[in-house]
Structures are given as structure tokens and as C-alpha cells.
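Structural overview for review
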Amino acid sequence: MQPSILLINSTKKSAAVGVNPRAPSISVWLRTSKATMSKLSAAQLCIVLMAAIGGCRLWDNTTTYFNTYYNMRRLETEITDEFRYQDEFAKPPKPRVVVPIESDLVLERQATGALPVYLDQMIIKPNKLQPVRIKVDSIIIKGSKILATHGESDFVDGTLYLMAVAYFYRSEWLPSNIKCQELIVQFPKSTYSPDAHLLSAKNYLIQRNIPKAEQMLSRTVDIAWEQLRYDVLSEAFRLQAELAIEQGNYDRAVRPYRQAIAQCPDESQRALWQVDLGLLLYRIGRFENAERELAIVEQYGPDRLPLFESRYYRSLALIRLGRFAEAEEVLDDLERERRFEDYVSAGYLTGARLELYRLAKRTALLDSLERASSQQVTASDAILVAHFQRGLEYFRAKDYDNAIKYFAATRVRRSPVFDGAKRLFDLLNIRQQKLQQLSQMGAAPSDSARRIRAYTEFELGRAHDELGNRDSAAYWYQAATEHAPATDTIAAQFLYARARLEQSRQPRVADSLLQIIFDRYPFTEYGQHAKQLLGFTDYAVVDSAAELVSSGEHLRRARNYSLALAQLGKVITNYPTHRLAPRALYLMGWTWENDLANNDSALYYYALLVRRYPVSEYAKDVSRSVAFAVTKREGSPPPWWKEGHDTSAASPASQPNATPSPVPGVRVPSFQAQPSVNAAPPSPNAVPPPPGAVSPPPGTTPPPPDPMLAPHQQSPPPPDPSGEPRPKP
């Protein structure tokens, strides 16, 4: 049998790598036989093919892991260790310090746009990121390399997760979330899937996309239960509880823990979640439930740390419930057990006894223990919390001098009550300083001195506002407004602060204050904001007579008659000699007559138009109707009509009970008679006279429109493009 010869010519390959193609070709001869080839079965060929493919995948995984992925994992571990070192987490774990949520909102109120504390603590601050910034960037670079060159390896899911974490460290929430979603979609069964779900939920929470965050947290719990990832479940439950507390739904906060404890098969994990549930109930102020749940922990045989936490917070719950003897018994038992010596020396039991003596009104023991533990205050969070609680007690009793001492002692270092203590100390300190400054100020004759005094009073009012003393804040805001110079726009800030203070309890007062800001200071920052809150358009902010008239016409067409009359009234008050003043008076009369159906007010403004601007086209248009109406009411024509007209035709009988008008020759009846039983109630659309304009006499239900007062029932004529008033035809 002749052997079959297979030739593999490497001429082209040599040329490709730079070898001279004219050199003698190197041929590889593979000799085999047809019989041998025929003996290979299909199964054997498949095995050979799979081995070849598996070898390629093994090679890809090996090069990916040792060249790139291993370094990514190493860098991520180093970054985590650095963060733990900065946060002092590298030390042995110690019991948590939990502070009950206070009933008032002084400590819980956040700055506008600020994240809640539990979310702010997740964010890596720039000074914390700086030492490892290069390593974080390197993780992203290496991950991009793996995705580009080793997209079929077994480490793509881990790469996506490490890149998402790196973006999270850099506070780039959107890229971090994109990588999480890629992992979740492409590798739903990956061991990194629970972590990716949790990280995605954190990204949504920080971006304040609450619906998406709640949905992702729910999915996190499902996938974590499927893989029994108790660490992910614990963090997801904590975030769900924090979110529910933020929304004020305390029942929803405790629900995940109860469900998890009921279905968890691991006794040690149930003990941990039982402690978490008890601490959560203690934090939201349900002390009786907290005591009951913490008493159950010992049934699960917990380790040393959860056992101490359960007993310690059970004693604190008993103290809050007034069961002081039981609480002392629990504390004595903890102090006798030698395995808790390190926790006792850390001041936990001292803090609990300070709380017990304070609530039990054992003042002598409380003061004695405070003096004995003065050297331990700065090193123990539990003692700091006890001092803060006593300062808060003085604060609620309005004993600010004693309260500020305890807040000053509590803010010496970071603790669970640091933010609240610092905030209250700063506010009380501002209060003391401003009161002292005001006591040293004498009379303020100059505008600059009045301005300084007014702003000091405003800062004092703002401090009381932040402290929750609304009445004191309103008093000092009002004082600042009164003492501010009349020509200084700083009063707009004082009025706005007062309006914001009154918005919740007296909305009408708040709207009146906003209207004053808008009328007096329309071009200031606070005037513009007042305009938005009142719902006014740009037509309401004008400066000249022409713009006022135009604004009044636009507002009238928009059926905002109150503001339209106010704008037109400003023309009469501020620009009485302007060429558009007659038109403004005419429009006011027209509005009262045709839009508001109040003929008394319409007659008043028409008569004022004839009296002030007798030669204007508008006065000539309504003078005959006004004279007829006045003659009908008074029995004789007005003086200005007698001067140039025959009055024999106007002789209706005189009517009694007429109220004299400020306009000579015009008497507008007040209609003060009692209405009949079947009389219709006053119109709900009745609009009060505009501020700044000459107000017509008050009246009750207006009579039906008098056709003689409205010779033209059409809309007022539009202004002439030249700016001159266009007379009616």
C-alpha cells in the first residue's frame, strides 16, 4: 500500500513573517495511511476536536487570569484594605451604637438637596479616594482590555463587577450601573449576580431614583435567597429598612427581617437578623417590641458579639420603658461576665447607667458618674450618646445655657450623634452671639447702622427657625423687616423668610407677604421667586406706564382681574400725568362694569376719568353716560356738566341714603340696606379694589348692569401702535 503524503507548504507563511520567499521551501511531510485514517471513528474525531477547542479555551482562561484578571483582583483587595484602614474597620468588631429617632425634626432635617446619612456614608469622598486613585483607574483599564481581547473567557462576569465597583468608587453612578446591568443580563446565574443587583440598587438610591431602587432591592433579595448569600441579604434588608424609615413607613422597615427569620435555616444567621430586628425596633422608638425581640436572641445560641448586643440593648429598652430594676439586673449580669470585659472597659455599661440615672431622675448619681467617667468620654461612643441625650433634655426644656455645654462636649469627635450635636451647638452659639451683639447696639440713626441691626435680627430669627422656635423666629423676622432701611432691598429677604415660615400654619399670611415682596421688590431674587410661587406671569413684572397698561390688558384677557386692576391702578398712582393714564382709568371702569358686574365701582372710575382728564377722548366717550347716571342718583347734574351743557333734560328724582364720593359731583350709593331673605348671595368672583389705586366705596351685591353706564358693550379698543390712546368709535 502506497503511503499517502500530505504536504504543508510554508512559502506563503515565510513571506508573511519576512522570510525570503525565494529561499528553498520548507515542507512538512506527514505520512499516514488510508487504513489508519479509516479506522478513526466519528466519536474519536469529536474527542480530538473537543480537546483542541478545550485547549484553546483553557489557554484563553489561563492567559486572561494570570496576565490581567489576577491583577484586577489584587488591586481591588488593596483598595478595600485601604478603605478599611481609614475607617478603622481593621480592628476587631465591636458592638454598634444606635440612637433612637427623636420625635421632633430638629436632628433629622436635612439641607436642601442633601443625601440621607446612610447614603452619604456609601460615597467615597475625594480625600479618601486619593491614595488609591491610580489603582482604581488601573482596574477600569485592565477590565476594558479583558472585555476587548478575551470576551469569551470565564472571567468576564467578574471583570464587569470589578469595573462597576471601580466606577462606584469614583462616584460615576451611571457607568457603574451600566456594568451592573450588563452582568445581570449576560450572566443571570453568575456568583456575582447578587452583588451586581445590590450595587445597582445603591446606584439608583444615590441618584434618588426611588422606584427603580425599590424594584432592584426586591430582585436582590430574590437572587440572594436563591444562592444563599446571607451577606447580600443583610445589606439589602438594611437598605430597605433605611428607605422605609426615610419615607416614614416603620412597619415596612421591619417586615423583611421578620420574613427572613421565619424562613432562614441557619441558626447563627437567624440570631444575627434577630439582633438587627431588635436594634431597628429600638431605633424607631418601639421599645416594648424591641425588648421582646432581643430576649429571643439567646434561643439561637449566638456568638459573643450578637449576644452582648442583644443583652445591652434589651437593658436600654427596659430603661426607656421605665423598668429600671430589670435593666439594672441585666447590666449587672453583663458586668460580671468576664468574656465581656473589653466591652465593659470601652464604656458601654457606663453609657447605659448614665441613661438609667437620667431617666430615673437620680441626679446625684448621674452627676457623680459623669465626673468619674470624664476621662472616658472622648473614647466611648456610648458615653457620648448619653451626654448628648442629657443635653437634648436641657434643650427641650429651653435651658440653652446647660444644653450648649453638653453639645460642646459631645462634638469632640465623630460618633453617631456628632452631626446633631454640632448642629445644635452651632445654632445655640449663634443665638448667644447675636443676642450679645444686639444688647451692645444703641440707637441706629443712619441707614448703614439700621441695616446692620436688621441683619443681626434676621440671623437671630433664622437661628430660632432652625431650632424649631417658630414664634421667636416670626418675632425676629418682623423686627428685622421694621428696622431695615426703607430704600434697601434687603427687606425682601426678611419678608421671604417670614413667608416661608408661615406657609404651613398660615397660608393666607404667607401669600400676603409674597404679594408685598412682589409689589415692592419685583426685580430682586426674592421678588422673582415670589412671582413664581404666586403663579404670576412675566406680564406682572413691569416698570413703565406703557408696560403697566399692556400688562393690565393681558391680565384682563386672561381673566386675572385682581392683578389687572392692580397694574392699572399703579399707572394712576405713579404716572398720573402720563398720556396713558386716561386709558388706564377707562380700562378700570370697563373691567368693573363688564367683567365684574359692579356698576358702583365702574361709575366711580368713569367719573374720576371725566373729572381728572376731561379733554381726553376717553372722558368725552363716557361723560354723557356718567352725567345721566349721576343726575339720576342725585337729582341734579354734576358741576362739571353744568358748566357747558343744558341740564333741563336730566331731572330724575333724588334718591336717599346716598354716600358722598371723593369725586365732586358724583355720589355713589353704598347699598347698606339689609338684603331680603330670598336675596342672592354676593358673587364669588367679586374682586377687592386693587392696592395702590383710589378704592371705590365698599358695597354689597351689585345691582343689575345699567345700560346707560355702558354705551359700548364691546371689548376696549386695543392700544395704537404709536402709543397714543385710540378713542372708541
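Look above for the structure.
Everything numeric in this text was worked out from a predicted model, so none of it was measured. (Residues numbered from 1 in each chain as written. Predicted model: local features only at pLDDT ≥ 70, side-chain atom pairs only at ≥ 80, totals over all residues. Heavy atoms only, no water.)

1. Some points on the packing of helix α7 (residues 156-169) against helix α9 (residues 193-206)
- Between α7 and α9, the least distance of the axes is 11 Å, while the angle of their chain directions is 25 degrees. Taken together, the axes of α7 and α9 lie roughly parallel to each other. Helix-helix and strand crossings are classified by hand; for α7 and α9 the assignment is left-handed. Counted together, Tyr161, Ala164, Val165 and Phe168 of α7 and Asp195, Ala196, Leu199, Lys202, Asn203 and Ile206 of α9 form the full contact between these two elements. (Axes fitted to C-alpha atoms, helices over the stretch in contact; angles between N-to-C directions. Helix = DSSP H or I, 4+ residues; strand = E, 2+ residues; numbered from the N terminus. Parallel < 35°, antiparallel > 145°, perpendicular 65-115°, else oblique. Left-handed = near helix turned anticlockwise from the far one by under 90°. Contact = heavy atoms within 4.5 Å.)

2. A closer look at the packing of aromatic side chains
- In this structure the tally under the stated criterion is 33 aromatic pairs.
- Note on tyrosine 282 and phenylalanine 287: the rings are 5.4 Å apart at their centroids and 65 degrees apart in plane angle, and the pair reads as edge-to-face.
- According to the relative accessible area criterion, tyrosine 282 is buried, its value standing at 4%.
- With centroids separated by 6.5 Å and ring planes inclined at 75 degrees, the aromatic side chains of tyrosine 343 and tyrosine 348 adopt a geometry described as edge-to-face. Comparing tyrosine 343 with tyrosine 348 shows no difference in burial state: the two are buried.
- Clustering of aromatic rings is evident, with ring pairs tying together Tyr282, Phe287, Phe308, Tyr312, Tyr313, Phe340, Tyr343 and Tyr348.
- The ring of phenylalanine 83 is capped by lysine 128, whose NZ or CZ atom sits 5.3 Å from the centre of that ring. (Phe/Tyr/Trp six-rings, centres within 6.5 Å; stacked < 30°, edge-to-face > 60°. Buried < 20%, exposed > 50% of the residue type's maximum accessible area, 1.4 Å probe, protein only. Lys NZ or Arg CZ within 6 Å of the ring centre and 35° of its normal.)

3. Some words on the pattern of salt bridges
- All chains considered together, the criterion is met by 52 salt bridges.
- Of the charged contacts in the structure, one is a salt bridge between glutamate 309 and arginine 96, with a shortest N-O distance of 2.9 Å. A residue pair is termed long-range when its members are at least 10 positions apart, and glutamate 309 in helix α15 (residues 304-320) and arginine 96 in the loop between α3 (42-86) and α4 (117-120) qualify at 213 residues.
- A residue is classified by how much of its surface remains accessible, and glutamate 309, at 4% relative accessible area, is buried. (Salt bridge = Lys/Arg side-chain N within 4 Å of Asp/Glu carboxyl O.)

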